[in-house]
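Residues per chain, in single letters:
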Protein chains: 4
Amino acid sequence: MLVSMSNTSTEMMGGFADAAASLTTIAKGFHVRGWLSGTSGNLSAVVNRDPLQLAMSPSGVDKGELTAAQVLLIDDQAQVLSGHSAKPSDETLLHLRIVRDRHAGAVLHTHSVWNTILSDVYASQRGIGIEGYEMLKGLSGVRTHEHREWLPIIENSQDMNFLATAVGESLSRNPQAHAFLLHRHGLYSWGADIQEAKRHIEILEFLLETIGRTLTIKR
Amino acid sequence: MLVSMSNTSTEMMGGFADAAASLTTIAKGFHVRGWLSGTSGNLSAVVNRDPLQLAMSPSGVDKGELTAAQVLLIDDQAQVLSGHSAKPSDETLLHLRIVRDRHAGAVLHTHSVWNTILSDVYASQRGIGIEGYEMLKGLSGVRTHEHREWLPIIENSQDMNFLATAVGESLSRNPQAHAFLLHRHGLYSWGADIQEAKRHIEILEFLLETIGRTLTIKR
Amino acid sequence: MLVSMSNTSTEMMGGFADAAASLTTIAKGFHVRGWLSGTSGNLSAVVNRDPLQLAMSPSGVDKGELTAAQVLLIDDQAQVLSGHSAKPSDETLLHLRIVRDRHAGAVLHTHSVWNTILSDVYASQRGIGIEGYEMLKGLSGVRTHEHREWLPIIENSQDMNFLATAVGESLSRNPQAHAFLLHRHGLYSWGADIQEAKRHIEILEFLLETIGRTLTIKR
Amino acid sequence: MLVSMSNTSTEMMGGFADAAASLTTIAKGFHVRGWLSGTSGNLSAVVNRDPLQLAMSPSGVDKGELTAAQVLLIDDQAQVLSGHSAKPSDETLLHLRIVRDRHAGAVLHTHSVWNTILSDVYASQRGIGIEGYEMLKGLSGVRTHEHREWLPIIENSQDMNFLATAVGESLSRNPQAHAFLLHRHGLYSWGADIQEAKRHIEILEFLLETIGRTLTIKR
């Protein structure tokens, strides 16, 4: 039994090293595009399901300079398991909620100029309906540009327990949603694995920029 | 005769390796500029005329990370010849149609924010007339900025046979066109070879961005 | 005593080499983002407090090509101590004023398109009130998006003594401000150390771009 | 005498190699910023005054992939001296005119989205008055943001002799101008040497983008 656990643990930690490396690469790429300015945004990936364990970006770090060694291993209570003195992101509770409610393998959160603007312009409608774009087919399970994606907008809060509850309710009300916006804060998306979560972010950032720039033209 | 065929085949495959390498370089460059976000867009180049064979980007791959080894060799029925288990892009039929109807040596398809927006703003006019710009001289055969380029807009569809027919009709009606837009989907352009196709995309993306941003100013 | 001074000097110069390297890295990164075009902008970091000594970018140098060897060591009278024939930035007096009045460890000054535009659009209000954005939490001491940041706008001048006095008065009147704008000129921010100053610039450039682009949408 | 000529020639060719390398570096940097898309734009530098000889970018080359070996040596009649079969840019006559009339050491020509748009928006005024921006101090001889720069707009033409004459007349009428725009075509600037010409382009592209984006806001 000890051997078996050791095997499991080794396997998991291999998963952790891979996940940490992938999150670091994604962080650098997103930072170059201006989606993680300052020390904003955070990234996570599931490395073990039972018990639940996540690779999680630390709080307060410049994401353009994130190293795999800085990525934390946390448990389902947001406690750090990997011996670092660093603190996981304040928004770890949101990541855990999404991982549980959506059975996601990875969660990515970006602060882009356009996602911030649209979360504000559409705030009174509490969401943005996106339809008719070929790019929607990049979202998991979507087969046609005629798909209508509802991107909920959730009011921002500094109370993470309150916000995690609001996120949970939004996920329940919008079972088909691939992402949500926090008002004047940023975009959360997820996927079955890190690559799918990254694709969802790229697709949604593209669509939000497209919708935002269209609003600068429409007469 | 066997020797001769072998020579031909070797020559063709050398062309395939070069084409795959060039398409990969172009894919990375276009991805950095935001023209191939998510797994969108696709690229092809003719490597043999008789029988017709194309180097073609695979479906569902992040174009920023495309490798030459992932590029597929396909025949004129969109069947994969190169032993990969990968699937060519869904839009291979459009590439084949353009290659045949325009005798093109390469076809490139981008999803940029500005080409998406303009395909929408001008949809009711079923095309965009572009004239008076020096940049037009970058299109093959154009000698003066006084040239008028008509960029047709074709309604989007998930039925690739239907869409290939619509593309064929548009190519017939617009024999001078260097490119077309699919509505809320993206830009297709082509050229006698890969470099010319790349130049056409750069020129048209520049002109569409210029026209789009001009619309944000005009009072 | 001589030994002790020598030690201090060695320690300080180690600090100078580190500061020069960090400023150079930041200069290149900001130049790529278009915040230091031409030879605009300047950067400094405190390397000794008593007597006050700063690592300071030279005047008239392309910041995309700045080398650590070009960074100057200056004293509290803006005199060059490091034996270079180069001239420190004309705006050294502003850096010295900020370092003294705010006990800052580093001062960074950027010329971006959006900070230039907003310094003009809001000039008659003599400042920009920024509130409600999660990104504000990237500013030192700010704990909630409900924070209101007042970013003063100071009239531009070529008389550096006059301008340093105006900056000093603005700093006094706005003791909570993390930065200020010079009208049609650029953004100054600072921090306890180089990393904090860099984070403040990234946060404020993000917020100014967000506010500016929002103005292109609002109907 | 032969030795003396040989020395002169060697010196000049050393200048040519340096100039070709610098132009290549600048071309790549400008291409990344979208100022030389397709095969647009061209660059030159004086390598000998008497007789007049220029390092000149070739026609029809992707400026993002320009190599020093592709740069041509031309004489004052735009004839290629360096044994290449390549053709110099069609606009070589404009470069020669500017070099003679302004005693310039280098001439750079960019096609950016914003310079194209503003050359159109202000076409009826035949120029753009730029004043009040600190960035103007990056133009040679300008000491204050209160400077007013008049950037003439010249009607585009495919007749290079006609256009060179129009450029010459504009240079005469605007002896203080650091640059001009060709209508819906692009920006020409120059300087005493390559670095100054590059700085002028960066400054003017910044100012044109700033003015253009301001027009998207002004209510």
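Refer to the preceding data block for the structure.
We now turn to the structure provided with this report. As the structure is a computational prediction, the values presented were derived from the model and not from experiment. (Residues numbered from 1 in each chain as written. Chains lettered and ligands numbered in written order. Predicted model: local features only at pLDDT ≥ 70, side-chain atom pairs only at ≥ 80, totals over all residues. Heavy atoms only, no water.)

1. A short note on the relation of the copies chain D and chain C
The two copies are related by a screw operation: chain D maps onto chain C through 90° of rotation and 0.0 Å of translation along the axis, at an RMSD of 0.0 Å. Here the transformation between the copies is reduced to the relation of a four-fold axis. For chain D, the minimum C-alpha distance to the rotation axis belongs to Thr216 of chain D and amounts to 4.0 Å. Different-surface contact between copies: only 9% of interface residues of chain D are shared with the interface of chain C. (Least-squares fit on C-alpha atoms with pLDDT ≥ 70 in both. Contact = heavy atoms within 4.5 Å.)

2. A closer look at the interface of chain D and chain C
Between chain D and chain C, the contact holds 23 residues from the first and 27 residues from the second. Summed over both partners, the interface of chain D with chain C buries about 2100 Å², with 57% contributed by carbon and sulfur atoms. Contact with chain C buries surface across chain D, with Glu134, Phe206 and Ile217 of chain D losing the most and accounting together for 27% of the total. The interface formed by chain D and chain C holds two salt bridges in total. The closest approach of N and O atoms between Lys198 of chain D and Glu65 of chain C, which form a salt bridge, is 3.4 Å. For the pair chain D and chain C, the number of links is ten residue pairs in polar contact (both at pLDDT 80 or more). (Buried area = accessible area lost by both parts, 1.4 Å probe. Salt bridge = Lys/Arg side-chain N within 4 Å of Asp/Glu carboxyl O. Polar contact = N/O pair within 3.5 Å; in protein donor to acceptor, adjacent residues only side chain to side chain.)

3. Focus: the interface of chain C and chain A
Much of the literature gives interface size as the accessible area that the parts lose upon coming together. Across the contact, 23 residues belong to chain C and 28 residues belong to chain A. Overall, the association of chain C and chain A removes approximately 2100 Å² of surface from exposure, summing both partners, and the carbon and sulfur fraction of that is 57%. Where chain C meets chain A, there are two salt bridges. Joining chain C to chain A, the criterion identifies eleven residue pairs in polar contact (both at pLDDT 80 or more). In terms of residues, the side of chain C that touches chain A owes the most to one element, helix α5 (residues 194–215) of chain C, which gives ten residues. (Helix = DSSP H or I, 4+ residues; strand = E, 2+ residues; numbered from the N terminus.)

4. Structural notes on unusual backbone geometry
With an omega dihedral of 5°, the bond running from Asp50 of chain A to Pro51 of chain A counts as a cis peptide bond. Inspection of the secondary structure assignment puts Pro51 of chain A in the loop between β1 (42–49) and β2 (52–56). The phi angle at Arg126 of chain B is positive, at roughly 60°, despite the residue not being glycine. Within the secondary structure, Arg126 of chain B is located in the loop between α3 (113–121) and β5 (127–131). Given the relative accessible area of 61%, Arg126 of chain B is considered exposed. (Buried < 20%, exposed > 50% of the residue type's maximum accessible area, 1.4 Å probe, protein only.)

5. Comments concerning empty space enclosed by the protein
Using the criterion set out here, one finds one cavity of 30 Å³ or more in the structure. Volume-wise, the largest cavity comes out at about 120 Å³. Lining the largest cavity are Trp114, Arg213 and Thr216 of chain A, Trp114, Arg213 and Thr216 of chain B, Trp114, Arg213 and Thr216 of chain C together with Trp114, Arg213 and Thr216 of chain D. Residues of the lining of the largest cavity, tallied by class, amount to four nonpolar, four polar and four charged. (1 Å grid on protein atoms, 1.4 Å probe; cavity = no way out; pocket = protein on both sides within 12 Å on 5 of 7 lines; lining within 4 Å. Points joined across faces, edges and corners; volume = space filled by probe spheres on them. Nonpolar A, V, L, I, M, F, W, Y, C, P; charged D, E, K, R; others polar.)

6. A short note on the nonpolar core
Of all hydrophobic cores here, the largest spans 192 residues; its most connected members are Leu118 and Ile128 of chain A, Ile128 of chain B, Ile128 of chain C together with Leu118 and Ile128 of chain D. Not counting the four nearest positions on each side in its chain, Leu118 of chain A is found in contact with Ile128, Ile153, Leu208, Ile211, Gly212 and Leu215 of chain A together with Ile217 of chain C. (Core = buried A, V, L, I, M, F, W, Y, C linked by side-chain atoms within 4.5 Å.)

7. Here's the deal with the pairing of strand β1 (residues 42–49) of chain C
Residues and elements named next belong to chain C. Within β1, seven of the eight residues are buried, leaving the element largely enclosed by the surrounding structure. Bridge count between β1 and strand β4 (residues 106–110): four bridges; the pairing is antiparallel. By the bridge assignment for β4, Asn42 is matched with His109. Examined bridge by bridge, β1 and strand β2 (residues 52–56) share five bridges and lie antiparallel to one another. Note on β2: the bridge partner recorded for Val46 is Leu54. The hairpin turn running from β1 into β2, its antiparallel successor, is two residues long. (Pairing = 2+ DSSP bridges.)

8. Things to note about the packing of aromatic side chains
The full count for this structure, using the stated rule, is twelve aromatic pairs over all chains. With 6.0 Å between their ring centres and 45° between their planes, Phe180 of chain C and Trp190 of chain C make a pair best called tilted. Of this pair, Phe180 of chain C sits in strand β7 (residues 179–182) while Trp190 of chain C sits in strand β8 (residues 186–191); the two residues are ten residues apart in sequence, bridging distant segments of the chain. Exposure class is identical for Phe180 of chain C and Trp190 of chain C. Each is buried. An aromatic cluster of at least three residues, connected via ring pairs, comprises Phe180, Tyr188 and Trp190 of chain A. (Phe/Tyr/Trp six-rings, centres within 6.5 Å; stacked < 30°, edge-to-face > 60°.)

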